[in-house]
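These are the residues of each chain, in order.
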Amino acid sequence: MWAPVRWGRGSFFGGAGVDPLTLLVPQGDWGLGGGGGWPWSPAAPPSRQGALSPARRPAPRLSWRRCRRAGAVRGRGAMAEGPRPKRKREEEAGAAPHGGTVTAPFPLAELRLRRVLRESARDKAVFLHGEVTSPSGEGTDAVVILEKTPFQEEKVSDLLKKHTKLDLQMRNDIYSTYHLYPPVELSEIKTTVVYPATEKHLQKYLRQEVHLIRETWEDYKNITLPFIQSQSFSIQWVYNILEKKAEADRIIHENPDPCNGFVLVPDFKWNQNQLDDLYLIALIHRREVKSLRDLTAEHIPLLRNILQEGKEAVVKHFGVPGSQLRIYLHYQPSYYHLHVHFTALGYDAPGSSVERAHLLADVIDNLAMDSMYYQKRALTFALRADELLFKKFQEAGRV
């Protein structure tokens, strides 16, 4: 029995602009070699709470440029105006590579494993560099991430009763350890695919040394902002969600206001089968606000809407109260369109550490105290040794 396909995306992939595919495959057969076809068809993932109640309203005609002009009048300082992606050509094509439309499943069984990029014992995940060979003989790189899924409480009894094998490993007095082999239908592995993958993707998942950067406002204006503006960070997948061109059926909540509205969607890292690792993302409708550095008191109504309406939506759909949620922004973000993370408080989510996560409630309080708070204070964040932004800070003598 195979679990259904789930198409996904999210901050995990940074600004590379590729819509990853999230699949579930049996643990007993990772399919990294050999042939055979794909014995499943795309379907929506099951939810522990039953079918979600998505917002299906048609996309409003967003006047976000009006918000942008209003922000400019209020004098918010330097803005992270990255290059606008060329979306018209993709829309005319109808099935653009990054438009969220996939016509065929990823040929996992035909993947040739090149190397292990990284593995994480804590997260029970391994990051692989593979290659898919086309009929013409041309090889295309792919990143495949295999991750053990969390236990589902309602299936634990079946796991104990239907296990296929139990091997004793060690016994000492009252203590013993075993290797338990679950049945195929209870041994899912979440498989995330980035395909085709660029060298940036390979470097992103490769194990690297990490350094802490202390960025002043002058550093931001002279180093970080020019770097952002010089890069081609495609966030077409974000616009596809906002415009209801992709994942419209996955929207948990939407406030359609063009200035102070947002959409709330499940992050691709959450399979929606259990609440222990609940993870949602709020994407704002405004397109000129890239990161924490752009925020001023003008944005407090927007941020308050996200905080209050987001908590109400989560308790309505999933029964998790706001007191059990961690709601925060990343700096540096993985992609430069302002978004807010909603995770279960007990979940050690990637990027929730103190050097990257900024609690939304604290951000609102800081802006209420000083409209230019994030244009004045220094911000600390971690960068890997291979990242171009780290090299820019090195060249400027700031590391």
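Structure shown above.
The rules behind the values
- Residues numbered from 1 in each chain as written.
- Predicted model: local features only at pLDDT ≥ 70, side-chain atom pairs only at ≥ 80, totals over all residues.
- Heavy atoms only, no water.
- Axes fitted to C-alpha atoms, helices over the stretch in contact; angles between N-to-C directions.
- Helix = DSSP H or I, 4+ residues; strand = E, 2+ residues; numbered from the N terminus.
- Left-handed = near helix turned anticlockwise from the far one by under 90°.
- Contact = heavy atoms within 4.5 Å.
- Nonpolar A, V, L, I, M, F, W, Y, C, P; charged D, E, K, R; others polar.
- 1 Å grid on protein atoms, 1.4 Å probe; cavity = no way out; pocket = protein on both sides within 12 Å on 5 of 7 lines; lining within 4 Å.
- Points joined across faces, edges and corners; volume = space filled by probe spheres on them.
- Polar contact = N/O pair within 3.5 Å; in protein donor to acceptor, adjacent residues only side chain to side chain.
- Salt bridge = Lys/Arg side-chain N within 4 Å of Asp/Glu carboxyl O.
- Buried < 20%, exposed > 50% of the residue type's maximum accessible area, 1.4 Å probe, protein only.

**Some points on the packing of helix H5 (residues 217–230) against helix H9 (residues 388–395)**
Their axes nearest at 10 Å, the elements H5 and H9 cross at an angle of 145°. In this structure, the crossing between H5 and H9 has a hand that is right-handed. Side by side, H5 and H9 meet where Asp219, Ile223, Thr224 and Phe227 of the first sit next to Leu388, Leu389, Lys392 and Phe393 of the second. Per-class residue counts for the contact of H5 with H9 are five nonpolar, one polar and two charged.

**What to know about empty space enclosed by the protein**
One pass over the structure, following the stated rule, counts three cavities of 30 Å³ or more. The computed volume of the second largest cavity comes to approximately 40 Å³. Around the second largest cavity, the lining residues are Lys290, Ser291, Leu292, Leu329, His330, Pro333, His337, Leu338 and His339. Residues that form the lining of the second largest cavity fall into these classes: four nonpolar, four polar and one charged.

**Structural notes on the side chain of asparagine 255**
Of note, asparagine 255 is situated in strand S10 (residues 253–255). Side chain to side chain, asparagine 255 and glutamate 309 meet in a polar contact 3.0 Å long.

**Focus on the pattern of salt bridges**
Under the defined criterion, the tally for this structure stands at 17 salt bridges. Between lysine 244 and glutamate 254 there is a salt bridge, with the nearest N and O atoms lying 2.9 Å from each other. A residue pair is termed long-range when its members are at least 10 positions apart, and lysine 244 in the loop between helix H6 (236–242) and S10 and glutamate 254 in strand S10 qualify at ten residues. A salt bridge links aspartate 267 to lysine 269; its shortest N-O distance comes to 2.9 Å. Judged by its relative accessible area of 0%, aspartate 267 is buried. Where salt bridges share partners, they join Arg112, Arg114, Glu131 and Asp141 into one cluster.

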